[in-house]
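Each chain is listed here by its residues.
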Amino acid sequence: MRLLVRQNGKFGYIDQSGKLAIPARFENASLFSEGLAAVRIGGKDGYIDTSGKIVIEPRFKAASIFNEGLAAVLVGDRWGYINKVGKMVIPSSIVSTFAFTEGLAVVVAVTKDGYKAGFMDTTGKMIIQPLYEDARFFSEGLAPVKKGKKFGFINRSGTMVIQPMFDDATPFREGLAAVKINGKYGQWGFIDTNGVWIVEAKYKNCLRFKEGVAAVEQEGAWRFIDRRGEDAVPLTMDGPSLFSEGLAPVKIGGKVGYIDRQGREIIPPRFEAATIFINGLAAVRQGDLCGYIDKKGNLVVPPTYEWYQPIIDQVVTFAAEIE
């Protein structure tokens, strides 16, 4: 396992004991995924393996993590996909894209009607034609798409199985999807895969379900609800959170600690910021420095590295969205 760190403005990787495994020499870097990590050298992105060896030479304007064997790379002003030996298997002709999930990637292409979103398979074939104003990735066999001004859900054949009636929508997780009604400043709730309301739309904001609960915002406070819409954890929080490996970081009184599913304080709030747990470790901030703790709150890696918010965003996005 390699943990991404920042030192003297450069990026490198440490192992789980805190030993520097790959020196901090990169201008930018990503998490490892499927054995490779995107790194920037001389203003170009390429890929290294877990030993730090460059396996795909830096030649791209930007590069994403690998998922399902492919990674999106930017050449000029268009995206394409490479495989793990750096071969361009899908030519760079896409305006924007996201990682492959369930064998398909949402892509934005230029059409006679302007920019439209559709879905491409791993050979580059457009399986679902670019007909939509917006789209999100496939999860549990369905994907949110925007047709006109409203979001609905399509299946892998492109059939609209939940009609467009929402002002916003997220992919399904654990059988439920968060959807928004009543306009830009409306309310969020949750539907099942048949489009049936399971949790009433009454929240200002929310996250997707994970480990049986979802964080929702109502009347200026965040809390966790279960699949019935009832309080799952007996506390309110200053901001959103999600459970991972049985624990959730919560901010109360300006500091972050960790609770379990019963709301018990497992790690006291003593950090300025913290991430979810991944493989038994979580990044935490003390002052302006970043370290890593285990699930008992022990500092496995002392806070000696620079805290860098984009790293944290990568951790949460990767683990929470496309794990």
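Above this text you will find the structure in question.
So, here's what we can say about the structure.

**Focus: the overall build of the chain**
Each helix and strand in the chain was counted, giving one helix and 33 strands. Referenced to the eigenvectors of the C-alpha coordinate spread, the extents of the chain come out at roughly 50 × 50 × 25 Å. For the chain, the residues scored as buried account for 49% of the 323 residues in total. Looking at the chain alone, contacts between residues at least 24 apart form 31% of all its contacts between residues at least 6 apart.

**Observations regarding the pattern of salt bridges**
With the rule as written, the count across this model stands at 16 salt bridges. If you follow the salt bridges from partner to partner, you end up with Asp134, Arg136 and Asp168 in one network.

**Comments concerning the pairing of strand 28 (residues 255-259)**
Most of strand 28 is tucked away, with four of its five residues classed as buried. In this structure, strand 27 (residues 248-252) lies alongside strand 28, joined through five bridges in antiparallel fashion. Within the sheet, the bridge partner assigned to Pro249 lies in strand 28 and is Tyr258. Between strand 27 and strand 28, which pair antiparallel one after the other, the connecting turn spans two residues, and Gly253 there sits at a positive phi close to 65°. Note: strand 28 against strand 29 (residues 265-271), three bridges, orientation antiparallel.

**Brief notes about a negative patch on the surface**
A grouping of Glu68, Glu102, Glu140 and Glu174 is seen on the molecular surface, where their side chains present a negatively charged patch. Along the chain, Glu68 falls in the loop between strand 8 (62-63) and strand 9 (71-75).

**Quick word on the side chain of Asp49**
Relative to the helices and strands, Asp49 is located in the loop between strand 6 (44-48) and strand 7 (54-60). No salt bridge is formed by the buried Asp49; the nearest opposite charge belongs to Lys53, separated by 5.7 Å. Side-chain polar atoms of Asp49 contact the side chain of Ser51, separated by 2.6 Å.

**Let's talk about the packing of aromatic side chains**
Scanning the entire structure with this criterion turns up 10 aromatic pairs. With a centroid separation of 4.9 Å and 50° between ring planes, the pair formed by Phe224 and Phe243 is classed as tilted. Here Phe243 lies in the loop between strand 26 (221-225) and strand 27 and Phe224 lies in strand 26, a separation of 19 residues in the sequence. We classify Phe243 as buried; its relative accessible area is 0%. Above the face of the Phe243 ring, Arg261 is positioned so that its terminal group lies 6.0 Å from the ring centre.

**Here we look at the sheet that holds strand 9**
Read across the sheet, four strands follow the order 8-9-10-11 without closing on themselves; strand pairing throughout is antiparallel. The open sheet has two free edges, formed respectively by strand 8 and strand 11 (88-94), since each of these has just one partner strand. Pairing of strand 10 (residues 78-82) with strand 11 involves three bridges; the strand directions are antiparallel. For Ile82, the partnering residue across the bridge sits in strand 11 and is Met88.

**Considerations on the pairing of strand 14 (residues 114-121)**
Regular strands place their side chains on alternate faces of the sheet. Most of strand 14 sits inside the fold, with six of its eight residues counted as buried. As judged from the eight bridges shared by strand 13 (residues 104-111) and strand 14, these two strands associate in the antiparallel manner. By the bridge assignment for strand 14, Val110 is matched with Tyr115. Joining the antiparallel neighbours strand 13 and strand 14 is a turn of two residues. Direction of pairing for strand 14 relative to strand 15 (residues 126-132): antiparallel, over a ladder of three bridges. Pairing of Ala117 across the sheet is with Tyr132, part of strand 15. Here strand 14 folds back onto strand 15, and the loop between the two strands holds four residues, one of which, Gly124, carries a positive phi near 95°.

Thresholds applied
Within every chain, residues take consecutive numbers counted from 1 along the sequence as written. With pLDDT at 70 or above as the cut-off, local features in this predicted model cover only qualifying residues; side-chain atom pairs require 80 or more to be listed or tallied, and sums for whole chains, interfaces and linings still use all residues. To obtain the side-chain values, all non-hydrogen atoms of the structure were included, while hydrogens and water were left out. In this text, helices come from DSSP runs of H or I with a minimum length of four residues, and strands from runs of E with a minimum of two, each type numbered from the N-terminal end. Relative accessibility under 20% of the residue-type maximum defines a buried residue, over 50% an exposed one, and the middle range a partly exposed one, all with a 1.4 Å probe and only protein chains included. Only heavy atoms enter the contact rule, under which two residues are in contact if any of them lie within 4.5 Å. Any carboxyl oxygen of Asp or Glu that lies within 4 Å of a side-chain nitrogen of Lys or Arg is treated as forming a salt bridge with it. Whether two strands pair comes down to DSSP finding at least two bridges between them. The patches described consist of residues with a relative accessible area above 30% and no salt bridge, like charges being joined within 9 Å and nonpolar side chains (Val, Leu, Ile, Met, Phe, Trp, Tyr) within 5 Å. The accessible surface values rely on the Shrake-Rupley method and a 1.4 Å probe; as for residues, cover is taken only from the protein chains in view. Note that His is not counted, nor are the chain ends; the positive residues are Lys and Arg, and the negative ones are Asp and Glu. Each charge is placed at NZ for Lys, CZ for Arg, CG for Asp and CD for Glu. Each polar contact in these results corresponds to two N or O atoms within 3.5 Å; when the atoms are within protein, one needs to be able to donate a hydrogen and the other to accept it, and residues that are neighboring in sequence are counted only if both atoms are side-chain atoms. Note on ring pairs: Phe, Tyr and Trp rings are taken, using the six-membered ring of Trp, and paired if centres are within 6.5 Å. Classes follow the plane angle, with under 30 degrees stacked, over 60 edge-to-face and the rest tilted. Throughout this description, the term charge over a ring refers to an Arg CZ or Lys NZ atom that lies within 6 Å of the ring centre and within 35 degrees of the ring normal.

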